[in-house]
Amino acid sequence: AGQQGLKITTELANLNSWSIHSEYDVILAIAVLQHLKHDSALRILTEMKTHTNPGGVNIITAFTKTGDRYAVDRAEDPEAFYPED
């Protein structure tokens with residue numbers, strides 16, 4: 001990134017209580033949404049869209065309700081976020 005003159009910003013935060021306050025060209029959410037309560041995940045997804053600069057991208061991977069992980073996690077946390085396919 002440094003050789004290409006790109007600025008990368010990272011932050012370690014608890015997404016259940018954190019909010020996006022800046023504008024970004026790219027926002028990643030890679031295999032994290034299932035760790036959030038449903039409402040928190042939807043809020044983060046909305047904030048990602050709102051705080052992405054025009055022409056920017058959001059890259060999201062998410063486990064779904066048809067996967068094997070859903071059955072295990074749902075038993076532990078029935079409010080965890082798992083979107084439909």
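Higher on the page you've got the structure.
Keep in mind that what you see is a predicted model, and the values were worked out from it rather than measured. (Residues numbered from 1 in each chain as written. Predicted model: local features only at pLDDT ≥ 70, side-chain atom pairs only at ≥ 80, totals over all residues. Heavy atoms only, no water.)

Draft legend 1. Spatial organisation of the overall build of the chain. Tallying secondary structure elements over the chain gives 2 helices and 2 strands in all. Starting at the N terminus and walking to the C terminus, you meet the elements of the chain as β-α-β-α. In terms of its C-alpha atoms, the chain occupies a principal-axis envelope of roughly 45 × 25 × 25 Å. A total of 85 residues make up the chain; the buried ones form 21% of that total. In the chain, the share of contacts with a sequence separation of at least 24, taken over all contacts with a separation of at least 6, comes to 63%. Total accessible area computed for the chain in this model is approximately 6200 Å², and 54% of it derives from carbon and sulfur atoms. (Helix = DSSP H or I, 4+ residues; strand = E, 2+ residues; numbered from the N terminus. Buried < 20%, exposed > 50% of the residue type's maximum accessible area, 1.4 Å probe, protein only. Contact = heavy atoms within 4.5 Å. Areas by Shrake-Rupley, 256 points an atom, 1.4 Å probe, with all protein chains shown as cover.)

Draft legend 2. Looking closely at the layout of surface pockets. Each pocket or cavity is described by its volume, and for the largest pocket that value is around 790 Å³. Thr9, Tyr24, Val26, Ile27 and Leu28 are, among the 23 residues lining the largest pocket, the residues nearest its centre. Those elements giving two or more residues to the lining of the largest pocket turn out to be strand S1 (24–30) and helix H1 (38–50). Of all the elements, S1 adds the most residues to the lining of the largest pocket, at 7 residues. Each residue belonging to the lining of the largest pocket can be placed in one class, and the counts come to 16 nonpolar, 3 polar and 4 charged. (1 Å grid on protein atoms, 1.4 Å probe; cavity = no way out; pocket = protein on both sides within 12 Å on 5 of 7 lines; lining within 4 Å. Points joined across faces, edges and corners; volume = space filled by probe spheres on them. Nonpolar A, V, L, I, M, F, W, Y, C, P; charged D, E, K, R; others polar.)

Draft legend 3. Spotlight on H1. Between the first and last C-alpha of H1 there are 19 Å, a value that for 13 residues agrees with the 18 Å anticipated at 1.5 Å per step. When H1 is considered as a whole, its buried residues turn out to be Ser40, Ala41, Ile44, Glu47 and Met48. For H1, the angular spread of the buried residues around the axis is 125°, confining them to a single face. The exposed residues of H1 that point more than 90 degrees off its buried face are Asp39, Lys49 and Thr50. Summarising the contacts, the buried residues of H1 are in contact with S1 and strand S2 (52–61). (Expected span 1.5 Å × (residues − 1). Arc of directions from axis to C-beta.)

Any functional reading would require information beyond the geometric quantities listed.
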